[in-house]
2 protein chains.
Amino acid sequence: MDSTVRPYSQVYDTLRKVGLRPTRQRLGLARLLFENGDRHVTAEQLHAEAAAANLRVSLATIYNTLNQFTGVGLMREVVVEPGRSYFDTNTTDHHHFFHEDTAQLQDIPGDAISVGKVPEPPAGTRVERVDIIVRIRG
Amino acid sequence: MDSTVRPYSQVYDTLRKVGLRPTRQRLGLARLLFENGDRHVTAEQLHAEAAAANLRVSLATIYNTLNQFTGVGLMREVVVEPGRSYFDTNTTDHHHFFHEDTAQLQDIPGDAISVGKVPEPPAGTRVERVDIIVRIRG
DNA sequence: TCAACAGATTAGAATCATTTTAAAGAAGAA
DNA sequence: TTCTTCTTTAAAATGATTCTAATCTGTTGA
Ligand SMILES: [Mn+2]
Ligand SMILES: [Mn+2]
Ligand SMILES: [Zn+2]
Ligand SMILES: [Zn+2]
(Lines give C-alpha, C1' and ligand atoms only; values in the text may rest on other atoms or scores of the structure.)
(Ligands and ions follow the chains in the order given, each with its own letter.)
Protein backbone atom coordinates (compact mmCIF):
# COMPACT_ATOMS: atom_id res chain seq x y z
CA MET A 1 0.00 0.00 0.00
CA ASP A 2 1.41 3.34 -1.01
CA SER A 3 1.45 5.48 2.09
CA THR A 4 1.96 8.85 0.47
CA VAL A 5 -1.47 9.52 -0.94
CA ARG A 6 -4.21 7.69 0.94
CA PRO A 7 -5.97 9.29 3.89
CA TYR A 8 -5.06 6.44 6.21
CA SER A 9 -1.35 6.58 5.50
CA GLN A 10 -0.30 8.26 8.74
CA VAL A 11 -2.08 5.92 11.09
CA TYR A 12 -1.29 2.99 8.80
CA ASP A 13 2.40 3.58 9.31
CA THR A 14 1.91 4.15 13.01
CA LEU A 15 0.20 0.81 13.42
CA ARG A 16 2.85 -1.00 11.41
CA LYS A 17 5.55 0.60 13.52
CA VAL A 18 4.11 -0.69 16.80
CA GLY A 19 3.42 -4.13 15.33
CA LEU A 20 -0.37 -4.02 15.23
CA ARG A 21 -2.13 -5.14 12.08
CA PRO A 22 -3.75 -2.17 10.39
CA THR A 23 -7.30 -3.48 10.36
CA ARG A 24 -10.29 -1.44 9.30
CA GLN A 25 -11.30 -0.98 12.95
CA ARG A 26 -7.89 0.04 14.23
CA LEU A 27 -7.33 2.42 11.33
CA GLY A 28 -10.67 4.10 11.88
CA LEU A 29 -10.22 4.42 15.62
CA ALA A 30 -6.65 5.64 15.23
CA ARG A 31 -7.82 8.41 12.92
CA LEU A 32 -10.49 9.50 15.39
CA LEU A 33 -7.97 9.44 18.22
CA PHE A 34 -4.81 10.80 16.67
CA GLU A 35 -5.97 13.17 13.96
CA ASN A 36 -7.92 15.45 16.26
CA GLY A 37 -5.34 16.81 18.68
CA ASP A 38 -4.90 15.69 22.25
CA ARG A 39 -7.88 13.72 23.46
CA HIS A 40 -9.23 12.14 26.63
CA VAL A 41 -11.90 9.55 25.94
CA THR A 42 -13.79 6.80 27.64
CA ALA A 43 -14.59 3.58 25.81
CA GLU A 44 -18.27 4.50 25.57
CA GLN A 45 -17.47 7.94 24.18
CA LEU A 46 -15.20 6.54 21.51
CA HIS A 47 -17.78 3.92 20.63
CA ALA A 48 -20.44 6.59 20.11
CA GLU A 49 -18.02 8.67 18.08
CA ALA A 50 -17.14 5.74 15.86
CA ALA A 51 -20.81 5.08 15.21
CA ALA A 52 -21.33 8.74 14.32
CA ALA A 53 -18.46 8.44 11.85
CA ASN A 54 -20.06 5.37 10.25
CA LEU A 55 -17.37 3.10 11.57
CA ARG A 56 -18.88 -0.19 12.71
CA VAL A 57 -16.89 -1.44 15.70
CA SER A 58 -18.03 -3.50 18.64
CA LEU A 59 -17.51 -2.23 22.18
CA ALA A 60 -15.25 -5.22 22.85
CA THR A 61 -12.98 -4.06 20.04
CA ILE A 62 -12.99 -0.53 21.42
CA TYR A 63 -11.70 -1.89 24.72
CA ASN A 64 -9.19 -4.17 23.00
CA THR A 65 -7.90 -1.32 20.89
CA LEU A 66 -7.62 1.21 23.71
CA ASN A 67 -5.76 -1.34 25.83
CA GLN A 68 -3.47 -2.28 22.95
CA PHE A 69 -2.72 1.34 22.03
CA THR A 70 -1.94 1.94 25.70
CA GLY A 71 0.17 -1.21 25.85
CA VAL A 72 2.41 -0.10 22.98
CA GLY A 73 2.71 3.44 24.31
CA LEU A 74 0.50 5.27 21.83
CA MET A 75 -1.84 6.29 24.67
CA ARG A 76 -1.99 6.26 28.42
CA GLU A 77 -4.68 5.53 30.95
CA VAL A 78 -5.77 8.13 33.47
CA VAL A 79 -7.68 7.15 36.59
CA VAL A 80 -9.77 9.89 38.15
CA GLU A 81 -13.12 8.37 39.01
CA PRO A 82 -14.01 5.05 40.52
CA GLY A 83 -15.60 2.83 37.91
CA ARG A 84 -14.50 4.61 34.74
CA SER A 85 -11.26 4.73 32.78
CA TYR A 86 -10.07 7.57 30.59
CA PHE A 87 -7.60 7.07 27.78
CA ASP A 88 -5.29 9.90 26.84
CA THR A 89 -3.68 10.45 23.43
CA ASN A 90 -1.13 12.81 24.98
CA THR A 91 1.79 10.64 26.06
CA THR A 92 4.11 13.49 26.95
CA ASP A 93 4.89 14.35 30.55
CA HIS A 94 1.87 16.26 31.79
CA HIS A 95 -0.89 16.39 34.39
CA HIS A 96 -4.64 17.05 34.53
CA PHE A 97 -7.48 19.23 35.59
CA PHE A 98 -10.55 17.15 36.26
CA HIS A 99 -13.85 19.01 36.02
CA GLU A 100 -15.94 17.27 38.66
CA ASP A 101 -19.14 18.77 37.23
CA THR A 102 -18.73 17.66 33.65
CA ALA A 103 -16.38 14.69 34.19
CA GLN A 104 -14.01 16.16 31.58
CA LEU A 105 -10.23 15.91 31.70
CA GLN A 106 -8.04 18.80 30.58
CA ASP A 107 -4.28 18.80 30.17
CA ILE A 108 -1.95 20.81 32.33
CA PRO A 109 1.27 21.20 30.33
CA GLY A 110 4.25 19.57 32.01
CA ASP A 111 5.90 22.93 32.62
CA ALA A 112 2.81 24.67 34.01
CA ILE A 113 2.96 22.58 37.14
CA SER A 114 5.82 21.02 39.05
CA VAL A 115 6.33 18.78 42.01
CA GLY A 116 8.55 20.89 44.22
CA LYS A 117 9.93 18.14 46.38
CA VAL A 118 9.64 14.52 45.25
CA PRO A 119 9.88 12.33 48.32
CA GLU A 120 12.33 9.46 48.43
CA PRO A 121 10.48 6.28 47.42
CA PRO A 122 10.53 3.54 50.07
CA ALA A 123 13.69 1.42 50.05
CA GLY A 124 13.69 -1.17 47.29
CA THR A 125 11.17 0.65 45.12
CA ARG A 126 11.47 2.97 42.16
CA VAL A 127 9.13 5.68 40.95
CA GLU A 128 7.17 4.54 37.94
CA ARG A 129 5.16 7.68 37.35
CA VAL A 130 3.78 10.69 39.19
CA ASP A 131 0.17 11.69 38.58
CA ILE A 132 -1.25 15.02 39.64
CA ILE A 133 -4.99 15.56 39.42
CA VAL A 134 -6.28 19.06 40.12
CA ARG A 135 -9.97 18.62 40.83
CA ILE A 136 -12.02 21.68 39.93
CA ARG A 137 -15.67 22.74 39.93
CA GLY A 138 -17.57 25.34 37.97
CA MET B 1 -24.11 5.82 78.49
CA ASP B 2 -21.01 6.83 80.40
CA SER B 3 -18.29 7.55 77.91
CA THR B 4 -15.30 7.51 80.24
CA VAL B 5 -14.91 3.79 80.90
CA ARG B 6 -16.29 1.68 78.10
CA PRO B 7 -14.08 0.60 75.21
CA TYR B 8 -16.40 2.09 72.62
CA SER B 9 -16.54 5.52 74.23
CA GLN B 10 -14.22 7.27 71.79
CA VAL B 11 -15.93 6.15 68.63
CA TYR B 12 -19.30 6.43 70.32
CA ASP B 13 -18.74 10.13 70.85
CA THR B 14 -17.33 10.53 67.37
CA LEU B 15 -20.45 9.05 65.82
CA ARG B 16 -22.75 11.19 67.94
CA LYS B 17 -20.81 14.26 66.98
CA VAL B 18 -21.28 13.68 63.25
CA GLY B 19 -24.93 12.76 63.68
CA LEU B 20 -24.75 9.05 62.92
CA ARG B 21 -26.48 6.60 65.25
CA PRO B 22 -23.93 4.55 67.11
CA THR B 23 -25.09 1.13 66.00
CA ARG B 24 -23.23 -2.09 66.74
CA GLN B 25 -21.96 -2.21 63.16
CA ARG B 26 -20.81 1.41 62.97
CA LEU B 27 -19.14 1.20 66.38
CA GLY B 28 -17.29 -1.95 65.45
CA LEU B 29 -16.15 -0.64 62.07
CA ALA B 30 -15.16 2.71 63.56
CA ARG B 31 -12.93 0.95 66.07
CA LEU B 32 -11.25 -1.07 63.36
CA LEU B 33 -10.76 2.02 61.28
CA PHE B 34 -9.87 4.70 63.80
CA GLU B 35 -8.11 2.87 66.60
CA ASN B 36 -5.35 1.46 64.45
CA GLY B 37 -3.54 4.51 63.10
CA ASP B 38 -3.89 5.82 59.57
CA ARG B 39 -5.43 3.28 57.27
CA HIS B 40 -6.25 2.75 53.60
CA VAL B 41 -8.84 0.06 53.04
CA THR B 42 -11.10 -1.30 50.36
CA ALA B 43 -14.61 -2.42 51.20
CA GLU B 44 -13.66 -6.07 50.76
CA GLN B 45 -10.64 -5.73 53.03
CA LEU B 46 -12.64 -4.13 55.79
CA HIS B 47 -15.32 -6.76 55.42
CA ALA B 48 -12.77 -9.55 55.87
CA GLU B 49 -11.24 -7.74 58.82
CA ALA B 50 -14.61 -7.33 60.49
CA ALA B 51 -15.30 -11.03 60.07
CA ALA B 52 -11.91 -11.85 61.59
CA ALA B 53 -12.82 -9.65 64.55
CA ASN B 54 -16.12 -11.50 65.01
CA LEU B 55 -18.12 -8.50 63.89
CA ARG B 56 -21.00 -9.62 61.73
CA VAL B 57 -21.66 -6.94 59.10
CA SER B 58 -22.95 -7.28 55.59
CA LEU B 59 -20.98 -5.97 52.66
CA ALA B 60 -23.81 -3.55 51.91
CA THR B 61 -23.36 -2.04 55.35
CA ILE B 62 -19.61 -1.81 54.83
CA TYR B 63 -20.25 0.26 51.72
CA ASN B 64 -22.92 2.34 53.44
CA THR B 65 -20.65 3.01 56.38
CA LEU B 66 -17.57 3.89 54.33
CA ASN B 67 -19.62 6.26 52.20
CA GLN B 68 -21.23 7.83 55.26
CA PHE B 69 -17.93 8.25 57.09
CA THR B 70 -16.57 9.87 53.96
CA GLY B 71 -19.66 12.05 53.62
CA VAL B 72 -19.27 13.51 57.12
CA GLY B 73 -15.54 14.02 56.73
CA LEU B 74 -14.25 11.23 58.93
CA MET B 75 -12.58 9.62 55.93
CA ARG B 76 -11.78 10.37 52.31
CA GLU B 77 -11.84 8.39 49.12
CA VAL B 78 -8.70 7.85 47.06
CA VAL B 79 -8.90 6.76 43.44
CA VAL B 80 -5.81 5.01 42.09
CA GLU B 81 -7.02 1.98 40.17
CA PRO B 82 -9.87 1.55 37.77
CA GLY B 83 -12.61 -0.50 39.35
CA ARG B 84 -11.66 -0.23 43.01
CA SER B 85 -12.05 2.46 45.66
CA TYR B 86 -9.79 3.01 48.64
CA PHE B 87 -10.97 4.75 51.78
CA ASP B 88 -8.48 6.69 53.87
CA THR B 89 -8.75 7.43 57.59
CA ASN B 90 -6.19 10.21 57.25
CA THR B 91 -8.13 13.36 56.44
CA THR B 92 -5.22 15.75 56.78
CA ASP B 93 -3.60 17.32 53.74
CA HIS B 94 -1.36 14.63 52.30
CA HIS B 95 -0.57 12.56 49.22
CA HIS B 96 0.20 8.94 48.34
CA PHE B 97 2.63 6.36 47.19
CA PHE B 98 0.84 3.57 45.37
CA HIS B 99 2.67 0.25 45.25
CA GLU B 100 1.63 -1.11 41.87
CA ASP B 101 2.81 -4.60 42.80
CA THR B 102 0.92 -5.00 46.04
CA ALA B 103 -1.89 -2.50 45.41
CA GLN B 104 -1.11 -0.85 48.75
CA LEU B 105 -1.43 2.85 49.47
CA GLN B 106 1.08 4.65 51.70
CA ASP B 107 0.89 8.19 52.98
CA ILE B 108 3.27 10.91 51.94
CA PRO B 109 3.11 13.57 54.66
CA GLY B 110 1.84 16.89 53.40
CA ASP B 111 5.21 18.55 53.98
CA ALA B 112 7.29 15.82 52.37
CA ILE B 113 5.98 16.76 48.95
CA SER B 114 4.83 20.01 47.44
CA VAL B 115 3.34 21.27 44.24
CA GLY B 116 5.85 23.88 43.16
CA LYS B 117 3.65 25.80 40.78
CA VAL B 118 -0.13 25.37 40.95
CA PRO B 119 -1.55 26.38 37.60
CA GLU B 120 -4.39 28.85 37.40
CA PRO B 121 -7.67 26.93 37.18
CA PRO B 122 -9.71 27.67 34.05
CA ALA B 123 -11.85 30.81 34.32
CA GLY B 124 -15.01 30.26 36.31
CA THR B 125 -13.70 27.25 38.22
CA ARG B 126 -12.15 26.78 41.62
CA VAL B 127 -9.73 24.14 42.86
CA GLU B 128 -11.50 21.57 44.98
CA ARG B 129 -8.53 19.39 45.80
CA VAL B 130 -5.15 18.37 44.44
CA ASP B 131 -4.23 14.70 44.42
CA ILE B 132 -0.71 13.46 43.86
CA ILE B 133 -0.12 9.76 43.33
CA VAL B 134 3.48 8.57 43.16
CA ARG B 135 3.31 5.15 41.53
CA ILE B 136 6.12 2.85 42.60
CA ARG B 137 7.25 -0.72 41.97
CA GLY B 138 9.35 -3.11 43.99
C1' DT C 1 -40.49 1.64 81.17
C1' DC C 2 -42.00 1.11 76.72
C1' DA C 3 -44.57 2.10 72.55
C1' DA C 4 -43.95 4.20 68.38
C1' DC C 5 -41.30 6.14 64.86
C1' DA C 6 -37.28 7.05 62.24
C1' DG C 7 -33.33 5.37 60.84
C1' DA C 8 -30.26 1.20 59.96
C1' DT C 9 -29.15 -3.39 58.40
C1' DT C 10 -29.44 -7.04 55.22
C1' DA C 11 -30.03 -10.69 51.52
C1' DG C 12 -30.52 -10.71 47.25
C1' DA C 13 -31.33 -8.53 42.90
C1' DA C 14 -29.82 -5.01 39.83
C1' DT C 15 -26.47 -2.09 37.59
C1' DC C 16 -22.49 -0.78 35.06
C1' DA C 17 -17.94 -0.93 33.27
C1' DT C 18 -14.94 -4.14 31.68
C1' DT C 19 -13.18 -8.79 30.34
C1' DT C 20 -13.64 -13.34 28.58
C1' DT C 21 -15.19 -16.91 25.43
C1' DA C 22 -15.28 -19.20 21.35
C1' DA C 23 -16.69 -18.97 16.73
C1' DA C 24 -16.38 -16.58 12.35
C1' DG C 25 -13.71 -13.24 9.62
C1' DA C 26 -9.69 -10.81 7.68
C1' DA C 27 -4.62 -9.86 7.07
C1' DG C 28 0.06 -11.39 5.83
C1' DA C 29 3.40 -14.70 3.91
C1' DA C 30 4.76 -17.51 0.43
C1' DT D 1 -4.37 -18.95 -3.91
C1' DT D 2 -3.77 -21.21 0.51
C1' DC D 3 -2.42 -21.51 4.95
C1' DT D 4 -1.61 -19.58 9.24
C1' DT D 5 -2.10 -16.27 12.60
C1' DC D 6 -4.22 -12.56 14.34
C1' DT D 7 -8.62 -9.96 14.89
C1' DT D 8 -13.34 -9.04 15.56
C1' DT D 9 -17.61 -9.94 17.58
C1' DA D 10 -21.99 -11.26 20.09
C1' DA D 11 -22.95 -12.97 24.04
C1' DA D 12 -21.90 -14.53 28.49
C1' DA D 13 -19.21 -13.80 32.57
C1' DT D 14 -17.07 -11.00 36.09
C1' DG D 15 -16.47 -7.87 39.87
C1' DA D 16 -17.27 -3.80 42.32
C1' DT D 17 -20.85 -1.15 43.86
C1' DT D 18 -25.67 0.27 44.53
C1' DC D 19 -30.51 -0.54 45.10
C1' DT D 20 -34.78 -2.73 46.95
C1' DA D 21 -37.85 -3.86 50.19
C1' DA D 22 -38.36 -6.44 54.24
C1' DT D 23 -36.82 -6.81 58.96
C1' DC D 24 -34.55 -4.93 62.87
C1' DT D 25 -32.76 -1.51 66.29
C1' DG D 26 -31.82 2.98 68.53
C1' DT D 27 -34.05 6.93 70.38
C1' DT D 28 -37.39 9.49 72.51
C1' DG D 29 -41.18 11.21 75.02
C1' DA D 30 -45.43 9.62 77.53
MN1 LIG E 1 -6.63 -1.65 31.62
MN1 LIG F 1 -18.62 6.81 46.50
ZN1 LIG G 1 -3.81 14.39 29.17
ZN1 LIG H 1 -3.64 8.55 53.00
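Refer to the preceding data block for the structure.
As the structure is a prediction and not an experimental result, all values here were calculated from the model.

A. Broad picture of the coordination of the zinc ion (ligand 4). All names here are of chain B. The coordination sphere of the zinc ion (ligand 4), as far as protein atoms go, consists of His-40 (NE2), Asp-88 (OD), His-94 (NE2), His-96 (NE2) and Asp-107 (OD), spread over 2.0 to 2.2 Å. Sequence spacing among the residues donating to the zinc ion (ligand 4) works out to H-x47-D-x5-H-x1-H-x10-D. On the basis of relative accessibility, which here comes to 2%, the residue His-96 falls in the buried class.

B. Quick peek at the sheet that holds strand E3 (residues 84-88) of chain A. Residues and elements named next belong to chain A. Spatial ordering of the open sheet is given by E1-E3-E2, a layout of three strands whose pairing is antiparallel. Pairing within the sheet leaves two strands with one partner each, and these edge strands are strand E1 (40-41) and strand E2 (76-81). Sheet topology note: the E2/E3 ladder contains five bridges and is antiparallel. Following the sheet pairing, Val-78 is matched in E3 by Tyr-86.

C. Structural detail: the environment of Asp-131 of chain A. Relative to the helices and strands, Asp-131 of chain A resides in strand E7 (residues 126-137). The class for Asp-131 of chain A is buried, based on a relative accessible area of 8%. For the pair Asp-131 of chain A and Thr-89 of chain A, spaced 42 residues apart in sequence, the C-alpha separation works out to 16 Å. Setting aside chain neighbours within four positions, we find Asp-131 of chain A in contact with Arg-76 and His-95 of chain A together with Asp-131, Ile-132, Ile-133 and Arg-135 of chain B. Among the polar contacts made by the side chain of Asp-131 of chain A, one reaches the side chain of Arg-135 of chain B at a distance of 2.7 Å.

D. Broad picture of the relation of the copies chain B and chain A. Taken as rigid bodies, chain B and chain A are interconverted by a rotation of 180° and an axial shift of 0.0 Å, the fit giving an RMSD of 0.1 Å. Both copies are brought into coincidence by an operation consistent with a two-fold rotation axis.

E. Quick peek at unusual backbone geometry. Residues and elements named next belong to chain A. Positive phi, normally seen in glycine, also occurs at Asn-54, with a value near 65°. Among the secondary structure elements, Asn-54 is positioned in the loop between helix H3 (43-52) and helix H4 (59-71). Taking the relative accessible area as the measure of exposure, Asn-54 reaches 73% and is therefore exposed.

F. Region of the structure containing the protein's contact with DNA strand D. Taken together, the neighbourhood of DNA strand D is formed by 19 residues, with Thr-23, Gln-25, Arg-26 and Thr-61 of chain A together with Tyr-63 of chain B sitting nearest. Sugar plus phosphate: this is where 84% of the atoms of DNA strand D within 4 Å of the protein reside. Taking Gln-25 of chain A, its side chain carries an N or O atom lying 2.7 Å from a sugar or linking oxygen of DNA strand D. Within the side chain of Arg-26 of chain A, a nitrogen or oxygen atom sits 2.8 Å from a phosphate oxygen of DNA strand D. Taken together, the elements giving at least two residues each to the surface near DNA strand D come down to helix H2 (24-34) and H4 of chain A together with helix H4 (59-71) and strand E3 (84-88) of chain B. For the surface near DNA strand D, the leading source of residues is H4 of chain B, giving four residues.

Cut-off values and rules
- Residues numbered from 1 in each chain as written.
- Chains lettered and ligands numbered in written order.
- Predicted model: local features only at pLDDT ≥ 70, side-chain atom pairs only at ≥ 80, totals over all residues.
- Heavy atoms only, no water.
- Donors = N, O, S within 2.8 Å, 3.2 Å for Na, K, Ca; no water.
- Buried < 20%, exposed > 50% of the residue type's maximum accessible area, 1.4 Å probe, protein only.
- Pairing = 2+ DSSP bridges.
- Helix = DSSP H or I, 4+ residues; strand = E, 2+ residues; numbered from the N terminus.
- Contact = heavy atoms within 4.5 Å.
- Polar contact = N/O pair within 3.5 Å; in protein donor to acceptor, adjacent residues only side chain to side chain.
- Least-squares fit on C-alpha atoms with pLDDT ≥ 70 in both.
- Near = heavy atom within 4 Å.

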